[in-house]
Amino acid sequence: MDAVKIITHKRDGGELEDKDIQYLIDGYTAGRVPDYQMSAFLMASQLRGLSLRETIALTECMLNSGRILDFTSVSSLVIDKHSTGGVGDKVSLVLAPMARACGICVPMMAGRGLGHTGGTLDKLDAIPGFRTKLELLEIYNQVRETGLAIIGPTKEIAPADRLLYALRDVTASVDFIPFITASILSKKLAEGLDGLVLDVKLGRGAFMKTPQDARELAESLVHVGEHLGMNTIAWITNMDVPLGRAVGNWLEVEESILCLKGDGPEDVVAVCLSLCSEMIVLAGLTDTLEEAREHAQATIDSGRALDVFAKLVDRQGGDSSVIYDTTLRMRSVEPIVITVPLDIGGYVSDIDALKIAHASNEMGTGRLVMTDSVDPEAGIVLHLRPGERVQPGAPLASFYTRKEDQTERFARNITDAYAFSDNPVEKPNVLIDRLTVDGWNSAA
């Protein structure tokens, strides 16, 4: 085998054999293929494209570069969810306890925020004492004993993905759909899943900006997942506006707890109920999504999902008392309230998710590179959302930051993210499209 010949073949538009892809991935993981040759392969693939067969082969090679967990002795109902990331996306914190409360085994491997999207692990880090970094044996024992873990990637799981992701980040090949597909599914398949529900975000605050791109990514993920033996369903959801009212790590934990108590924002609850219903049907616990939705809602109404979340926090070293009473986590930052301009009335017509994300990140919620630190208390609370009535002088939003010398600029940026209308405005539909192996089914 010769890396140069493989790269040349792809550069000239050829389709690679499975053994060619395996040679490159195995060689790069072992250090035999250098960065400069793998960079050439990444760029040649981005420019010439990868077929579905090549994407499947790439995913399988990345999966087999490390350990694959096996929970067959624990449960036959091992289901997870993955989101492509968005502004205010705290769904995992609500959904995982709901699914577990329904009897589903959920070994959720999550990520950290980078760029304008928040990360599930950063939100969990805002809970005092919570450990997101567990060893492989700890993960297995926790899932075996409790049926739920939310943890960060380990060095044993899909090491090829970890190496390739770092290289993609500096070679302009992050946004290539076959690479995104292989990166997501190699890690999820390594969890030993029976099924996966995907939340593909679409809009200004998402990586997928157009319906065509979002549908293409969803189709790639579902087709590859199904081909590799994992029942896979995808939803496309709206990320033109932030999800929920809270953007920021501890603020989103608080909002997640509200959802688990039955008092969360309706858009967050809608996504959680829909995705949980899919997980329940994939697990074979009900025959229909309607029945599944009743089961999912019951975990909220009964308090079981909240109890599961508290037990998860306790098991991973966190202070579970703050789950039942969030005021026990003392704040060191006071909110700054922005009011509606006196010349504005009518209704909120829009909130630009990307502008809110940039404003929040500048306050300290996010990172530009993985080594950046985050402020768990920083963030924004949106008191008014699209479709809601506006009263001049009423609270528009609040924000939290330690950067006291920049508060006026932050206030302007948040206000600029809003648009208003004199006429009533319909609330945006958060659930857009649903994809199964049988095809598309519009949420409308």
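In short, a report on the structure. All values reported here derive from a predicted model rather than from experimental measurement. (Residues numbered from 1 in each chain as written. Predicted model: local features only at pLDDT ≥ 70, side-chain atom pairs only at ≥ 80, totals over all residues. Heavy atoms only, no water.)

**A closer look at the overall build of the protein chain**
Inclusion rule: To qualify as a helix, a DSSP run of H or I must reach at least 4 residues; to qualify as a strand, a run of E must reach at least 2; elements of each kind are numbered from the N terminus. We compute the radius of gyration over the C-alpha atoms and compare it with the globule rule, which gives 2.2 Å times the number of residues raised to the power 0.38. Residue burial is assigned from relative accessible area. The probe radius is 1.4 Å, only protein chains are included, and a residue is buried under 20% of its type maximum, exposed over 50%, and partly exposed in between. Between two residues, a contact is recorded if the distance between any of their heavy atoms is within 4.5 Å. We get accessible surface area from the Shrake-Rupley algorithm with a probe of 1.4 Å; when it comes to residues, only the shown protein chains can shield them.
The helix and strand inventory of the protein chain stands at 17 helices and 14 strands. The C-alpha atoms of the protein chain give a radius of gyration of 22 Å, which matches the 22 Å a tight globule of 444 residues would have. Each principal axis of the C-alpha atoms in the protein chain carries an extent, and together these give about 70 × 45 × 40 Å. The proportion of buried residues among the 444 residues of the protein chain is 56%. Restricting the contact set of the protein chain to residue pairs at least 6 apart, pairs at least 24 apart contribute 77%. Here the protein chain displays about 18,300 Å² of accessible surface, and carbon together with sulfur accounts for 50% of that area.

**Regarding the packing of aromatic side chains**
Defined as follows: Ring pairs shown here join Phe, Tyr and Trp side chains whose ring centres sit within 6.5 Å, with only the six-membered ring taken for Trp; geometry is labelled stacked below 30 degrees between planes, edge-to-face above 60, and tilted in between. Charge-over-ring placement is defined geometrically: NZ (Lys) or CZ (Arg) within 6 Å of the ring centre, and within 35 degrees of the ring normal.
Tallied over the entire structure, the rule returns 4 aromatic pairs. Between Phe-71 and Tyr-140, the ring centres sit 5.6 Å apart and the planes meet at 10°, which makes this aromatic pair stacked. Taken as a pair, Phe-71 in the loop between helix H4 (52-63) and strand S1 (79-83) and Tyr-140 in helix H7 (residues 136-146) lie far apart in primary sequence, 69 residues in all. With centroids separated by 6.3 Å and ring planes inclined at 90°, the aromatic side chains of Phe-399 and Phe-410 adopt a geometry described as edge-to-face. On the criterion of sequence distance, the pair formed by Phe-399 in strand S11 (residues 395-400) and Phe-410 in helix H17 (residues 407-416) is long-range, its members being 11 residues apart. As far as burial versus exposure is concerned, Phe-399 and Phe-410 are alike and both buried. Cation over ring: Arg-215 sits above Trp-440, and NZ or CZ is 4.0 Å from the ring centre.

**Here we look at the sheet that holds strand S10 (residues 389-390)**
The criterion, for reference: We treat two strands as partners when DSSP finds at least two bridges between them.
The sheet built from 3 strands is open, its strands ordered S10-S8-S12 with antiparallel pairing. Each edge of the sheet is formed by a strand with only one pairing partner; in this case those strands are S10 and strand S12 (418-421). Taken together, the 4 bridges between strand S8 (residues 346-351) and S12 define a ladder with antiparallel strand orientation. Its bridge partner being in S12, Ile-351 is matched across the sheet by Tyr-418.

**Examining the packing of helix H5 (residues 91-101) against helix H12 (residues 266-282)**
Just so we agree on the cut-off: For helices, the axis comes from a line fit to the C-alpha atoms of the stretch in contact; other axes are also lines fit to C-alpha atoms, and the angle between any two N-to-C directions lies between 0 and 180 degrees. Orientation categories follow fixed angle ranges, with anything under 35 degrees roughly parallel, anything over 145 roughly antiparallel, 65 to 115 roughly perpendicular, and all other angles oblique. It is the rotation of the near helix from the far one that decides the hand of a crossing: anticlockwise by less than a right angle makes it left-handed, clockwise makes it right-handed.
Axis separation between H5 and H12 bottoms out at 10 Å; the angle between their running directions is 40°. By the criterion of interaxial angle, the relationship of H5 to H12 is oblique. As for how H5 packs across H12, the hand of that crossing is right-handed. On the side of H5, the interface is formed by Val-91, Val-94, Leu-95, Met-98 and Ala-99, while H12 contributes Val-271, Cys-272, Leu-273, Leu-275, Cys-276 and Met-279.

**Notes on a negative patch on the surface**
What counts is decided by this rule: Residues forming no salt bridge and having over 30% relative accessible area are the ones grouped into patches, like charges within 9 Å of each other and nonpolar side chains (Val, Leu, Ile, Met, Phe, Trp, Tyr) within 5 Å. Salt bridges are defined by distance alone: a side-chain nitrogen of Lys or Arg within 4 Å of a carboxyl oxygen of Asp or Glu. As used throughout, the charge tally considers Lys and Arg to be positive and Asp and Glu to be negative, leaving His and the chain termini uncounted. Throughout, a charge is located at the NZ atom of Lys, the CZ atom of Arg, the CG atom of Asp or the CD atom of Glu.
A cluster of acidic residues, Asp-287, Glu-290, Glu-291 and Glu-294, forms a negative patch on the protein surface. In this structure, Glu-294 sits in helix H13 (residues 289-301).

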